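Working through the structure, step by step
In case you want the letters, here they are:
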Amino acid sequence: MKPLDAITDAVWSSVAGVATDLDDTLTHEGRLTVTALAALGELSAMGVPCVIATGRPLGWAAVVASIAPVRAAVAENGGAWVVREERGVRVAFRDPEPSRREGIERCQAMVERLTREFPALRRVEEYTARVTDIALDVGEKADVPRALVEAALARVREAGLYGVASSIHLHVSAHAPDKTAGLRRALEDLGLDAGALESRWIYLGDSPNDAGPFAQMQLSVGVRGVERFADASPAMPKYVTSGGAGEGIAEVVARLRHARRSSR
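Residues numbered from 1 in each chain as written. Predicted model: local features only at pLDDT ≥ 70, side-chain atom pairs only at ≥ 80, totals over all residues. Heavy atoms only, no water.

1. Describing the packing of helix 4 (residues 97-117) against helix 5 (residues 146-158)
Heads up, the condition is: Note on method: axes are straight lines fitted to C-alpha atoms, helices fitted across the in-contact stretch only, with angles between N-to-C directions ranging 0 to 180 degrees. To qualify as a helix, a DSSP run of H or I must reach at least 4 residues; to qualify as a strand, a run of E must reach at least 2; elements of each kind are numbered from the N terminus. By the definition used in this description, the sense in which the near helix is turned from the far one sets the handedness, with an anticlockwise turn below a right angle giving left-handed and a clockwise turn giving right-handed. Note on contacts: a residue pair is in contact if any heavy atoms of the two residues lie within 4.5 Å. For this scheme, ten residues count as nonpolar: Ala, Val, Leu, Ile, Met, Phe, Trp, Tyr, Cys and Pro. Four count as charged, namely Asp, Glu, Lys and Arg, and the remainder, Gly too, count as polar.
Put simply, helix 4 and helix 5 touch, their axes get as near as 11 Å, and they point 145° apart. For helix 4 against helix 5, the interelement crossing comes out right-handed. On the side of helix 4, the interface is formed by M110, R113, L114 and E117, while helix 5 contributes A152, R155 and V156. Its residues assigned to classes, the contact of helix 4 with helix 5 shows four nonpolar, no polar and three charged.

Written as C-alpha cells, this is what we have:
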C-alpha cells in the first residue's frame, strides 16, 4: 500500500466522489468522530458527492442518509440502499421480495447451526430493520478469535451461502456481499455517472468486507490499521492514510481541497 502522497494532484482534481465505509472508518470505538463529521460536511460544501457503504442494517442506513451530509447510504454490504431525496429518503433493494424472503430463511437455518457449533458467536442485537442478511457479533461487544471467525465462514460457504466479516460483525447472506455493486446501483439512483465509480471515486475502508471496493476501485484507500487484516482480506487497498479510524477521512478531504484550490 502506498501513502496518499503517491496520488498526484491531477488525479485528485479528477475525483468525482467519495464512498466510505462506516464502522472503524468514520467511527472510532463505535462513535462517529467530530473529525469525520466535519470532513463529510466539507465534502458536501465542496459539492463532492459522498455515499456511505456499510454492513449495518437498512434501518441504520435510513437514519444515516436522513441526518448525515451524504447523498446515499448502501446497507448490508450491498443488499439494499437508501437515497436522500428533497423531502426524505427512499429505500431500494438489490433482490425482489420473494428472493429476499427465501434467502433469509436459509440464512436463519445457517445461523442457528453456527451458534450451536460455535457458542462464542451470538446474533447482533439490533432494533432496526435488517432485511438481506444476518449479522453475528465478532468484535463489537464480543471478542471472537479470528481463527474461529474463519472456521465459521468456511461452514457458511460449505452450505452454499455467502459470508464476510468486518472488524465487528460476521455477515451471512444468500447473495455475494458486493459493496461495489450496491454503490453502482445507488449512483444510478442518484442520476450520477456510475461508470466513473471504479476510476474516479475514492473508496475508504478498513476491513475484509471492504475487499470488493479495494480490489475493483483504482482509488481504494484504507485507514491506518487496515494492515491487521492483511492475512484475512481477499484484497487490500492501493493506498493508506496515516490517520486511523475516524481520522483518515480528513486526510482525503484535505487533499481534495488542496488539489481543487491548486487547479483554480
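2. Description of the layout of surface pockets
As a reminder, the rule being used: Whether a set of points on the 1 Å grid over the protein atoms alone is a cavity depends on a 1.4 Å probe fitting there but being unable to get out, while an open set qualifies as a pocket with protein on both sides within 12 Å along at least five of seven lines; lining residues are those with an atom within 4 Å of a point. Grid points are joined across faces, edges and corners, and a volume is the space filled by probe spheres set on the points.
By volume, the largest pocket amounts to about 380 Å³. Lining the largest pocket are 21 residues, with L22, D23, T27, G30 and L32 sitting closest to its centre. Those elements that place two or more of their residues in the lining of the largest pocket are strand 3 (27-28), helix 2 (34-46) and helix 3 (58-67). Per-element accounting of the lining of the largest pocket gives the leading share, three residues, to helix 3. A class-by-class count of the residues in the lining of the largest pocket yields 12 nonpolar, four polar and five charged.

3. Considerations on the pattern of salt bridges
For side chains of opposite charge, pairing can occur when their charged atoms come near one another. For clarity, the threshold we go by: Salt bridge, as applied in this entry: a Lys or Arg side-chain nitrogen positioned within 4 Å of an Asp or Glu carboxyl oxygen. Classification of residues uses two cut-offs on accessible area relative to the type maximum, computed with a 1.4 Å probe and protein chains only: under 20% is buried, over 50% is exposed, and between them is partly exposed.
Scanning all chains against the criterion turns up 15 salt bridges. As a salt-bridge pair, R155 and E117 come within 2.7 Å of each other at their nearest N and O atoms. Taken as a pair, R155 in helix 5 and E117 in helix 4 lie far apart in primary sequence, 38 residues in all. The partly exposed category is assigned to R155, whose relative accessible area is 23%. For E150, the salt bridge identified is with R146, shortest N-O distance 3.5 Å. Of the two residues, E150 and R146 are both situated in helix 5; the distance of four residues between them amounts to about one turn of the helix. The network of salt bridges with shared partners includes D21, K179 and D210.

4. Digging into empty space enclosed by the protein
One pass over the full model with this rule turns up one cavity of 30 Å³ or more. As a volume, the largest cavity reaches approximately 60 Å³. Around the largest cavity, the lining residues are D21, D23, T54, G55, R56, S166, S167, I168, H169, H171, D206 and N209. The class makeup of the residues in the lining of the largest cavity is one nonpolar, seven polar and four charged.

5. Details of the sheet that holds strand 9 (residues 122-123)
Threshold: Two strands form a pair only when DSSP identifies at least two bridges running between them.
Pairing within the open sheet is antiparallel, and its four strands lie in the order 9-10-12-11. Every interior strand has two partners, whereas the edge strands, strand 9 and strand 11 (162-165), have only one. Judged from the two bridges that link them, strand 9 and strand 10 (residues 133-137) form a sheet pairing that is antiparallel. In the sheet register, R122 faces strand 10, and the bridge partner there is D137. Against the sheet, helix 4 touches strand 9, strand 10 and strand 12 (169-173), its axis set at about 20° to strand 10.

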